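Inside the fold
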Amino acid sequence: MIYIKCDAQNQIEDITFSETEGYLESSVFDPQVKAFLQNSQNEELIKEVLNKLDLDMVRVIEDMVDLMIEKRLILFTDLPQPVQNKLLFKRSLRESLNPEISLIDDEESLNF
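What comes next is a walk through the structure. (Residues numbered from 1 in each chain as written. Predicted model: local features only at pLDDT ≥ 70, side-chain atom pairs only at ≥ 80, totals over all residues. Heavy atoms only, no water.)

What follows concerns the overall build of the protein chain. For the protein chain, the helix and strand inventory stands at three helices and three strands. Across the protein chain, helices and strands are ordered from the amino to the carboxyl terminus as β-β-β-α-α-α. The buried share of the protein chain, taken over its 112 residues, is 21%. Taking contacts inside the protein chain between residues at least 6 apart in sequence as the whole, the part at least 24 apart equals 35%. In the structure as shown, the protein chain presents an accessible area of about 8700 Å², 55% of it carried by carbon and sulfur atoms. (Helix = DSSP H or I, 4+ residues; strand = E, 2+ residues; numbered from the N terminus. Buried < 20%, exposed > 50% of the residue type's maximum accessible area, 1.4 Å probe, protein only. Contact = heavy atoms within 4.5 Å. Areas by Shrake-Rupley, 256 points an atom, 1.4 Å probe, with all protein chains shown as cover.)

Spatial ordering of the open sheet is given by β2-β1-β3, a layout of three strands whose pairing is antiparallel. In this open sheet, the two strands that pair with only one neighbour each are β2 (12-16) and β3 (24-26). When the angles between neighbouring strand axes are averaged without regard to direction, this sheet yields 40°. Those strands touched by helix α1 (residues 31-39) are β1 (2-6), β2 and β3, and its axis lies near 95° from that of β2. (Pairing = 2+ DSSP bridges. Axes fitted to C-alpha atoms, helices over the stretch in contact; angles between N-to-C directions.)

Within the largest apolar cluster, eleven residues are counted, these being I2, I4, I12, I15, F17, V28, F29, V33, L37, L45 and V49. Mapped by element, the contributors of at least two residues to this core are β1, β2, α1 and α2 (43-70). Once you skip the residues sitting within four places of it in the chain, V49 turns out to touch F17, V28 and L37. (Core = buried A, V, L, I, M, F, W, Y, C linked by side-chain atoms within 4.5 Å.)

A few words on the environment of E48. Among the secondary structure elements, E48 is positioned in helix α2. Residues E48 and T16, 32 residues apart in the sequence, show an inter-C-alpha distance of 9.3 Å.

What follows is the structure, given as structure tokens:
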């Protein structure tokens, strides 16, 4: 999740990734958030957003691999052993925490 703080003119003045008082929940795909980031000179913030998106993409790719295996487009054993080990380890960790938690927000949509 991404949280934004707006000024009196309803313009974004800050972004954070943790729930914080005075900040509203938003999406990295919100056109106002996109414009704020594109105009930002804050390299650290941009790197943080990119890292967050990279982590989200890793989960998407994992889900795609699972789907391709399920549809028998590839075999799990076709994957290199280190990849198999990482996928199995992450799956077991995720399931041990709570199998119902999804890291992907189904409500997110791209508005470019």
